[in-house]
Structures are given as structure tokens and as C-alpha cells.
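Architecture at a glance
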Amino acid sequence: SLAADIISTVEFNHSGELLATGDKGGRVVIFQQEQENKTQSHSRGEYNVYSTFQSHEPEFDYLKSLEIEEKINKIRWLPQKNAAQFLLSTNDKTIKLWKISERDKRPEGYNLKEEDGRYRDPTTVTTLRVPVFRPMDLMVEASPRRIFANAHTYHINSISINSDYETYLSADDLRINLWHLEITDRSFNIVDIKPANMEELTEVITAAEFHPNSCNTFVYSSSKGTIRLCDMRASALCDRHSKLFEEPEDPSNRSFFSEIISSISDVKFSHSGRYMMTRDYLSVKIWDLNMENRPVETYQVHEYLRSKLCSLYENDCIFDKFECCWNGSDSIVMTGSYNNFFRMFDRNTKRDVTLEASRENNKPRTVLKPRKVCASGKRKKDEISVDSLDFNKKILHTAWHPKENIIAVATTNNLYIFQDKMN
Amino acid sequence: QEKETVSPERAEEAKLKAKYPNLGQKPGGSDFLMKRLQKGQKYFDSGDYNMAKAKMKNKQLPSMGPDKNLVTGDHIPTPQDLPQRKSSLVTSKLAG
């Protein structure tokens, strides 16, 4: 399978009707949920391809002699205001605002044009008619409406739309910029952690997100496992955080790997805005915004990997960036793992489950069977031993429908959409 | 007597240090992060390349170290070292 098909981001829109994926080849594919079938009341609509377009192309920065990848790092949807849909897509350097609109009728009956577009000789026109709109097969068009470029020296890892729906932030390894959706020729720098002397560099920004309700608040996570919450009302440059979230570390447990595995790969606010979730290499942590000194909940994703860190460092897997997501009611969190496994944690019942996204092991319309990894000792039937896990099959990107129990799970080259059983 | 159990992380660290005795103390630090910021991008400077070729004439250009992504010292990336620029593909596999 082609490298360009590798899915690099997955995102539902605000209603859940549309699901966008971005890939390494710079393309965006949008799926649309079918209208509910009244006769088939026990299943929700399926997702079918709605639109595909080339969002970003590979570029070459001639000044620095650097190749700029077209891979789509993130997609974020704007809430729908009119008939058209809007989304932001970004690669390492450039953010684009795309308008996706439907066309289902076209004008016919021009006086001076034939139906195929050729012009008629005006002298042959003997009568006049009024052109009318006639229905046509649905066409979905994507057009770039804004291009936000040249604001990032380093690689963009996050974009996040503000709850004011007018501004958004973009974050790279060392800086965070604030944009207005209408203005492309300038942005405000709101966080800059670049040291005067690059030899003193100790941490980088790994993810950033606006608070879902407070338009002045955002958070950013670091490669050292900290999260900073910033209030834009405090100052123009938010280099001094309002809150610093960090779990104290037991110094006696410190090892060569400690900092690497504490690096946060994703941060997501709960829909309520009361909590945020972070993903580091081995766990998912839920933080109460009112408590900075430790998370309120910690869930182990694949603790059995702790005794494999040496080989995971050698094959670079220890640097894999897993994302995480909340369900619509903030009661369940989900994240991916290796061997095409993904994990769900129910915050209320404290139960967790491991499922697998693969065609070989799951026929369509059958219930997914829970998986179990055997860390050591005697492997039970149906268990998989740690050494049999395929570390090339990683699920880095998952998304949960904002309202329903429908999830999208991306393996390297494939997208899986699962829904829970309805009675 | 009590047997002190080594944490799995520490045991893995010992394994790594046994394999790579020259590994630095801290994995963090500016070298590590600089590599991350470069994100493995290689770049080719034709001026440097031609000057190095002229200077060295009969000598071999220094070859790449084990880490192909890190450009250090006298190593000048050659056109052969660079990844081939890919052409855009028209359809995504997901679109069928």
C-alpha cells in the first residue's frame, strides 16, 4: 500500500454528520452519514464518501533548501453557519480554510449560450426566454478561501478554533500564534518558548487547544510532561502561565526513559470544559482544571510496554504520538495502541476494554471481541503475548462522534467506523 | 536477605546502556531536541557541495554516520542522499 495513503488525522464535525480524514499525501477525504433509514431502525446511517480534495502540495523552501511535507497534521471544523461547511487543515507550515459547498441545480436555457457552453451567433436568436434552474446530480465542491502562511518557523502540531468562532490558534514546536479567520496577512504571537541560545533548549510544545467555553483560555503541553494554562487577558504575550499542571515524579524511579515517556502527545478539553485529558506514551491522564499538582484519574494504556522500552527506543516507537478523545458525554475516553488495538476507559464504572481494528479478525456487522495482552507468564487461550504485537500497526488517530456512540479509528492505511449495538 | 527488585524501566535502561555505552546521561537536552526540530529534514546546498568537491578532489567525501537524519561536521548531503520528491497522487484509497 502507498505511503501517501497513511491517514494522519481524523475529525468529526460539530453535528457528527461529516467525518474528515487527512493523509500523508496532502489529501482530505470527507465522509457523510446517510440519513437514517426509517425501516432499519436498529442501525444508524453509514458513512459514505462525500468529497475528496487535494489540500496541500509538497513544497520546497528554496531559501532554506528544505522540503515541506504535504502531510495533513490536523483538521478542525468550524461550526456550521449556513449551507456551506468550513474546515481548517494544516501541514507543517501552512493552514488553509476550506469551504465545502453543494451544488444540486444549474441554470439552463440561456439565450446566447448553447447547453455545452459554446456561444450562439446573436443574429440567429429569434425569440427570448428566461433561463431557469434545473436539478442536477449533486456536486460537492471544495475551494480554499483563506491561506494562512509564513507564520511558523518550526513544524505546526496543532490548530484549535476559539469558542468565539472568529479566531484560532496554531502551535509549532516553540511558538503559538493567534489568527483571525478573516485575516491572512498577520497573526499575533502569544507564546514563545524559544531560548535566546538554542543550546539551552530543554523542552518543546507538543499540543495546544482553546478552552471550549472561555474564549480567553488555552492550554499547551510540553515534551517534559507539563501542561500550561494561559489567559490571554493577562498579557499580550502569554509566556507566563496562569496555571502549571505537572505530576510530581518519584526521583528514585527516574531513568533514561522517564522524560521521553512523559512527553505529552495530545491534550483535549472535556466537552464540559471542567477537565482536560493528556496522553503520554504509556497512559491517559484526566486533570481537573482546579487542581494543578496531580491528575484526578490515570488510565494505563499498555503498561506491559514498560519492560520493552529499550527496543521501543531503538525502533523509534517510543516517539510515536498517540491521540486521545472524549465521548460526547465525557464519560468515556479512548486512545490507540499497537497491533491495531485501541482502548476505551469508562470513567464511571472504571471498566476498560481493548478492541482491535482489523478486517481479518472482524467481519462487518459482528460484535467486536475484546482483546487481552499477556504481559508475562503463561499465555491464556485468546490472549496475545507482548512479543507477538506488531509495532508497525499503530492506531494514532481516533475520533468519537459528538452525540452518538459512533467512533472512527484510523489504522495506518484504513479507516474503521464502529457503532455500538442498538437494541 | 532481601533481594532488591529493579524497576522494569531501570532494567531497560541498563540494557540500553550496555548496547550503547557512549549514550549521554540525559536523553533530553538541546542535541536531542534540535534533531526533533529538524524532523529529519535533509537539505542540500549546491554551493557547499561544489566547494567541498573542489577542495577534496581525490579524497572521498566524508560518508554519513549511522544516523542519516543528522547533518553534522563535514558531512555534506549529496543529491543521492536526499529523498526523492514525490508527485501528488490524484485519488485517495479511502475514496475508493
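Note that this is a predicted model, so its numbers are computed, not measured. (Residues numbered from 1 in each chain as written. Chains lettered and ligands numbered in written order. Predicted model: local features only at pLDDT ≥ 70, side-chain atom pairs only at ≥ 80, totals over all residues. Heavy atoms only, no water.)

To continue, consider the overall build of chain B. A count of helices and strands for chain B gives three helices and zero strands. By residue count, 21% of the 96 residues in chain B fall in the buried class. Of all intrachain contacts in chain B linking residues separated by at least 6 positions in sequence, the fraction that spans at least 24 positions is 60%. Counting every atom, chain B has about 7400 Å² of accessible surface; 52% of that belongs to carbon and sulfur. (Helix = DSSP H or I, 4+ residues; strand = E, 2+ residues; numbered from the N terminus. Buried < 20%, exposed > 50% of the residue type's maximum accessible area, 1.4 Å probe, protein only. Contact = heavy atoms within 4.5 Å. Areas by Shrake-Rupley, 256 points an atom, 1.4 Å probe, with all protein chains shown as cover.)

This part takes up the packing of aromatic side chains. All names here are of chain A. Overall, the coordinates contain 18 aromatic pairs over all chains when judged by the stated rule. Taking 6.2 Å as the distance between ring centres and 65° as the angle between the ring planes, the aromatic pair formed by Phe257 and Tyr313 counts as edge-to-face. Here Tyr313 lies in helix 2 (residues 309–314) and Phe257 lies in the loop between strand 18 (243–245) and helix 1 (258–262), a separation of 56 residues in the sequence. Like Phe257, the residue Tyr313 is buried in the burial classification. Centroid distance Tyr416 to Phe418: 5.9 Å. Interplanar angle 15°. Geometry classified as stacked. A connected cluster of aromatic rings, assembled from ring pairs, spans Phe256, Phe257, Tyr313 and Phe319. Positioned above the aromatic ring of Tyr110, the side-chain terminus of Lys113 is 4.8 Å from the ring centre. (Phe/Tyr/Trp six-rings, centres within 6.5 Å; stacked < 30°, edge-to-face > 60°. Lys NZ or Arg CZ within 6 Å of the ring centre and 35° of its normal.)

What follows concerns the sheet that holds strand 14 (residues 183–192) of chain A. Sheet strands pair via backbone hydrogen bonds, and the direction of the pair is either parallel or antiparallel. Residues and elements named next belong to chain A. The strand order across the open sheet built from four strands is 11-12-13-14, with neighbouring strands paired in antiparallel fashion. Of all strands in the sheet, those with a lone pairing partner are strand 11 (158–161) and strand 14, marking the two edges. The sheet shows a mean angle of 25° between the axes of neighbouring strands, taken without regard to direction. One ladder, built from four bridges, connects strand 11 with strand 12 (residues 167–171); its direction is antiparallel. When the sheet's bridge partners are listed, Ile159 is paired in strand 12 with Ser170. (Pairing = 2+ DSSP bridges. Axes fitted to C-alpha atoms, helices over the stretch in contact; angles between N-to-C directions.)

For the rest of this paragraph, the subject is the pairing of strand 25 (residues 341–346) of chain A. Residues and elements named next belong to chain A. Most of strand 25 sits inside the fold, with five of its six residues counted as buried. For strand 24 (residues 332–336) and strand 25, the ladder comprises five bridges, and the chain directions are antiparallel. Bridge pairing in strand 25 links Val333 to Phe345. In textbook terms, the turn of a hairpin is the stretch between consecutive antiparallel strands, and for strand 24 and strand 25 this stretch comprises four residues, one of which, Asn339, has a positive phi near 60°. Relative to strand 26 (residues 352–356), strand 25 runs antiparallel, the two being bridged by five bridges. What sits directly across from Arg343, in strand 26, is Thr354.

Residues and elements named next belong to chain A. Of note, Ala408 is situated in strand 30 (residues 406–410). Here Ala408 falls in the buried class, since its relative accessible area comes to 0%. Put simply, Ala408 and Ala20 are 388 residues apart on the chain and 10.0 Å apart in space, counted from C-alpha to C-alpha. Those residues within four positions of Ala408 in sequence are excluded, and the remaining contacts are Val10, Phe12, Leu19, His397, Thr398, Ala399, Leu415 and Tyr416.

Glancing now at the pairing of strand 21 (residues 283–288) of chain A. All names here are of chain A. Most of strand 21 is tucked away: six of the six residues are buried. Side chains of strand 21 alternate between two faces, with Ser283, Lys285 and Trp287 and Val284, Ile286 and Asp288 buried alike. Summarising the sheet, strand 20 (residues 275–279) and strand 21 pair through five bridges and their orientation is antiparallel. Bridge pairing in strand 21 links Arg279 to Val284.

All names here are of chain A. Spatial strand order, 15-16-17-18: four strands in an open sheet with antiparallel pairing. Strand pairing shows two members of the sheet lacking a second neighbour, strand 15 (205–210) and strand 18, which therefore form its edges. Across the sheet, the axes of successive neighbouring strands diverge by a mean angle of 20°, strand direction being ignored. Across three bridges, the pairing between strand 17 (residues 227–231) and strand 18 is antiparallel. The partner of Leu229 across the bridge, within strand 18, is Lys243.

A few words on the side chain of Lys268 of chain A. All names here are of chain A. On the secondary structure map, Lys268 appears in strand 19 (residues 266–269). At 3.0 Å, the side chain of Lys268 forms a polar contact with the backbone oxygen of Cys324. Apart from the residues lying within four places of it in its own chain, the contact partners of Lys268 are Arg76, Glu209, Tyr275, Met276, Met277, Cys324 and Trp326. (Polar contact = N/O pair within 3.5 Å; in protein donor to acceptor, adjacent residues only side chain to side chain.)

Before going further, it helps to spend a moment on the confidence of the model for chain B. Residues and elements named next belong to chain B. When the pLDDT values of chain B are averaged, the result is 66; 33% of them are 70 or greater. For chain B, helix 3 (residues 46–56) is the element with the lowest average pLDDT, namely 69, and helix 1 (residues 8–19) is the one with the highest, namely 92. Among the scores for the predicted complex, ipTM is 0.78 and pTM is 0.86. (pLDDT = per-residue confidence, 0-100.)

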